[in-house]
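Survey of secondary and tertiary structure
Each chain, letter by letter, is given below.
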Amino acid sequence: MANKTKKPIYPFEDWVIRETQFSIGTKYRNETIFALANGYIGMRGTFEEGYSGPKNTSVNGTYINGFYEIHDIVYPEGGYGFAKIGQTMLNVADSKIIKLYVDGEKFDLLQGKILFYERVLDMRKGFVERKVKWESPTGKILEVKIKRIVSLNRQHLAAISFTVEPVNFSGKIRFVSAIDGNVSNINDSEDVRVGSNLKGKVLKTIDKSVEGLKGWIVQKTQKSNFSYVCAIDNVLVGDSKYEVSNSLEEDGVKVIVDLEAEKGTLYTLNKFISYYTSKDFDENKLVVLALEEIEKAKNDGFETIEKEQEEFLNSFWEDADIIIEGDKALQQGIRFNEFHLLQSVGRDGKTNIAAKGLTGEGYEGHYFWDSDIYIMPFFLYTKPEIAKALVMYRYKLLDAARFRAKELGHKGALYPWRTIDGPECSAYFPAGTAQYHINADIVYALKRYVEATNDVDFLYDYGCEIVFETARFWEDLGAYIPLKDNKFCINCVTGPDEYTALVDNNAYTNYMAKVNLEYAYDIANKMKKEVPEKYQKIASKLNLKDQEINAWKKAADNMYLPYSKELDIIPQDDSFLYKERITVDEIPQDQFPLLLHWHYLNIYRYQICKQPDVLLLMFLQREKFTKDELKKNYDYYEPITTHDSSLSPAIFSILANEIGYTDKAYKYFMMTARMDLDDYNDNVKDGIHAASMAGTWSAVVNGFGGMRVYTNELHFEPRLPKEWNLLSFNVRYKGRKINVKLTKESVVFALLEGEPIEIYCFDEKILLKKGENRVESCKN
């Protein structure tokens, strides 16, 4: 259970994460912390020169978002409609390799002596830089500086600058720049959330070449039939004379650069790296494209790529930066979280954001509902163009969702619980396919996107099809039950809380499905009036009739919404309150997380929550509940929530703020703000917790900033924590950019971009105009 904080691991600095000592014991973890990515290519923070440490202290991973192998899902006992094919994001060829030899001695941090060591992740400039002063076993001293960039501007490009200076000797230096395609995924973990179902190597090298300073390999998967190319080019900076030789390996290439080095002289090898895949381009053109990419990068130079990276991040931080004065740990933590979210998210409309981003192999690189409910708001209100790419990705999966619904005997579309490009990949249907709420989660995110951007063209050209097909599914899935007063009931489902499965009338699911159905009805009628030609086109495509649209409204109007008169709360589902109640305090600490220590049957028989279904519902549909209702439900569910899901603390923090539980709000915020940076759960080695990172943003903006969106209006009820002196953040909404600055005495709203807009602060309507600050008193 992550209901604790830990001693900080890294020094508190506003814009950097700094590692000041090399240790075998922390290397695995730091490979995640110092990972770099651009939403397409991801590289764990492994060393260019290699690592000779013990087994299970490192995972040398390089990933391409959405590039996967398939495998058969094997069941001891199968069943109709079970997911058949799994997808696993692949660890692809390692191109980071630059080995260094001095007079035949290999530069290796586990040999010789480390005289100085420092590694820095610079979140403002977008690079990782490592500085090492090292003495070889024979006494030769080197100063080494290595800078790595995965370009945010050029999605197919990464670059490394490797500089070495002989300190007390002159002699032979050898750089070995390589691509190693002899790679595989993790498959021996006892944690079901980490290991893959792939056995051994699944990539076959089908072509390769190396000549001079340039080389490439092409590899192909065995079953998914995808191929990719990895190409490298190298430049030795300066006028030093050198000799080049090459080596063609079974699954890789090597470029070997030898030179005579003089004491006190700097020698720099710049390496340019490119990946292209057949998922996006003609297989026959991959090599040419990759070579063109690195040729352009080489001609532009490493410094140009550095400058581009900093400019990209300047633009990002101008919109996304959150300034906290009064707590350096949280300032650093939230910037780290936002930086990794940017690195992890696919921006091409064809990919999404995996649970572990591009930093590790946990959950096999699958995309979940997290991206729609937890991650989407961060991008929607800071970089809405990225939010659009995320909803476009869902549109591209619509045919696969239709197939899945039909396979299970339903109309419409059923989105997969976990997938990479469409098929359901969850082998455990009670906590997978049964989480039908993902349909409504996607529509909720789409609805929020349209409201915040006024992008009705997207809605009418693409989004409406998702809305209609999911509404069609809900109306087919549910039924009017006589013993429930003929209310529309949705039975045998699993809500977000996976510690309760296959239940009837899960409150979260029913409320969210109701919104889905209502939105479908409203959009259909709106399109009939505003864009009749587009409506007729989509109606014809879907064979959509008025009778069916009216059936959606009937189902929404008659949706069964669970309520307990006895306890005056929303029961999580029909059976939840009839189970034995067990509080978290009654469970020994060494039993958390329960899913790794208890059989699911033992979990399912108690009132115990992995995360707060009902409270998440109340946050998402806040306008439907009074503050008193919120408090009663909070008080009921908090003692029985384990927070075994990293998604949980942020919601508790946001709602505690509103109720007035200020200490709890801060405690839960602390649990999420530095969850990965301080490795609260001892599992950051497996990759970041992307949704929890986004939850940090929500805990600040929706919690302490008090932002809510009601009926197309922005509302604020800010509450500055007593530990802080100032909080400042930006919100993009309907073509405007608004800055919110909160101090102990006042809140200041400034319209930075766009036309005047009316917002609400503590229910008072105020008009924001560009160039005029509105100062309101705080009501802390």
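This section reports on the structure supplied with the text. Not measured: the values here are computed from a predicted model. (Residues numbered from 1 in each chain as written. Predicted model: local features only at pLDDT ≥ 70, side-chain atom pairs only at ≥ 80, totals over all residues. Heavy atoms only, no water.)

With that out of the way, let us pick up helix H6 (residues 384-396). Counted at 1.5 Å a residue, the expected span for H6 with its 13 residues is 18 Å, and the 19 Å between its end C-alpha atoms agrees. Ile386, Ala387, Ala389, Leu390, Val391, Met392, Tyr393, Arg394 and Tyr395 are the residues of H6 that are buried. (Helix = DSSP H or I, 4+ residues; strand = E, 2+ residues; numbered from the N terminus. Expected span 1.5 Å × (residues − 1). Buried < 20%, exposed > 50% of the residue type's maximum accessible area, 1.4 Å probe, protein only.)

Within the element layout of this structure, glutamate 13 appears in the segment before strand S1 (16-19). What makes glutamate 13 partly exposed here is its relative accessible area of 22%. For the pair formed by glutamate 13 and glycine 333, sequence separation is 320 residues and the distance between their alpha carbons is 9.6 Å. Those residues in contact with glutamate 13, other than ones at most four positions away along the chain, are Arg18 and Gln332. (Contact = heavy atoms within 4.5 Å.)

Each disulfide is one covalent bond, formed between the sulfur atoms of two cysteines. A complete count under the given rule lists zero disulfides for this structure. Not part of a disulfide, cysteine 492 finds its nearest cysteine sulfur in cysteine 489, a span of 13 Å. (Disulfide = S-S within 2.5 Å.)

Attention now goes to the nonpolar core. Formed by 225 residues in total, the largest nonpolar core has its most connected members in Phe175, Trp369, Phe468 and Leu727. Here this core takes twelve residues from helix H10 (residues 507-530), the largest share from any one element. Every residue in contact with leucine 727, bar those within four places of it in the chain, is listed here: Ile322, Ile323, Ile324, Val700, Phe704, Gly705, Leu720, Val740, Lys741 and Leu742. Of all hydrophobic cores here, the second largest spans 17 residues; its members include Val287, Ala290, Phe302 and Ile305. (Core = buried A, V, L, I, M, F, W, Y, C linked by side-chain atoms within 4.5 Å.)

One open sheet accounts for four strands, arranged S24-S25-S29-S30; its pairing is mixed. Two strands lie at the open edges of the sheet, namely strand S24 (707-710) and strand S30 (764-768), each paired on one side alone. Across the sheet, the mean angle separating the axes of adjacent strands is 35° when strand polarity is ignored. Relative to strand S25 (residues 713-716), S24 runs antiparallel, the two sharing four bridges. (Pairing = 2+ DSSP bridges. Axes fitted to C-alpha atoms, helices over the stretch in contact; angles between N-to-C directions.)

Before going further, it helps to spend a moment on unusual backbone geometry. A cis amide bond links phenylalanine 592 with the next residue in sequence, proline 593, at an omega value of -5°. Position of proline 593 among the secondary structure elements: in the loop between strand S22 (580-581) and helix H13 (600-604). Of note in this structure, aspartate 103 is not a glycine but carries a positive phi near 50°. As for its position among the elements, aspartate 103 is in the loop between strand S6 (98-102) and strand S7 (105-106). One non-glycine residue with positive phi stands out, namely asparagine 543, at about 55°.

Now for the packing of aromatic side chains. Under the counting rule described, the total for this entry stands at 47 aromatic pairs. Seen in terms of ring centroids, phenylalanine 67 and tyrosine 228 are 5.4 Å apart; in terms of plane orientation they differ by 75°. Their pairing is edge-to-face. Of this pair, phenylalanine 67 sits in strand S4 (residues 62-72) while tyrosine 228 is found in strand S15 (residues 227-236), placing the two residues 161 residues apart along the sequence. We note that phenylalanine 67, like tyrosine 228, is buried. (Phe/Tyr/Trp six-rings, centres within 6.5 Å; stacked < 30°, edge-to-face > 60°.)

Along S6, the buried face is formed by Ile98, Leu100 and Val102; none of Lys99 and Tyr101, which line the opposite face, is buried. Looking at chain direction, S6 and strand S12 (residues 171-180) are connected through five bridges and run antiparallel. Paired with isoleucine 98 across the strands is serine 177, a residue of S12. With two bridges joining them, S6 and S7 adopt antiparallel strand pairing. Among the inter-strand pairings, tyrosine 101 is bridged to a residue of S7, identified as lysine 106. Hairpin connection between S6 and S7: a loop of two residues separates the two successive antiparallel strands, and aspartate 103 in this loop has a positive phi of roughly 50°.

Once that is clear, we can look at the packing of helix H4 (residues 328-344) against helix H5 (residues 370-380). Contact geometry of H4 with H5 gives a least axis separation of 12 Å together with a crossing angle of 95°. If you check the angle between H4 and H5, you find them roughly perpendicular. Between H4 and H5, the contacting residues are Glu338, Leu341 and Leu342 on the first element and Ile375, Phe378 and Phe379 on the second. Split into classes, the residues belonging to the contact of H4 with H5 amount to five nonpolar, no polar and one charged. (Parallel < 35°, antiparallel > 145°, perpendicular 65-115°, else oblique. Nonpolar A, V, L, I, M, F, W, Y, C, P; charged D, E, K, R; others polar.)

The five strands are arranged S19-S26-S27-S28-S31 in an open sheet whose pairing can be described as antiparallel. The sheet terminates laterally at strand S19 (323-325) and strand S31 (773-777), the two strands that pair on one side only. Between one strand axis and the next, the sheet turns by 20° as a mean value, whatever way the strands run. Here S19 runs beside strand S26 (residues 726-733); their pairing, made up of three bridges, is antiparallel. Among the inter-strand pairings, isoleucine 323 is bridged to a residue of S26, identified as serine 728.

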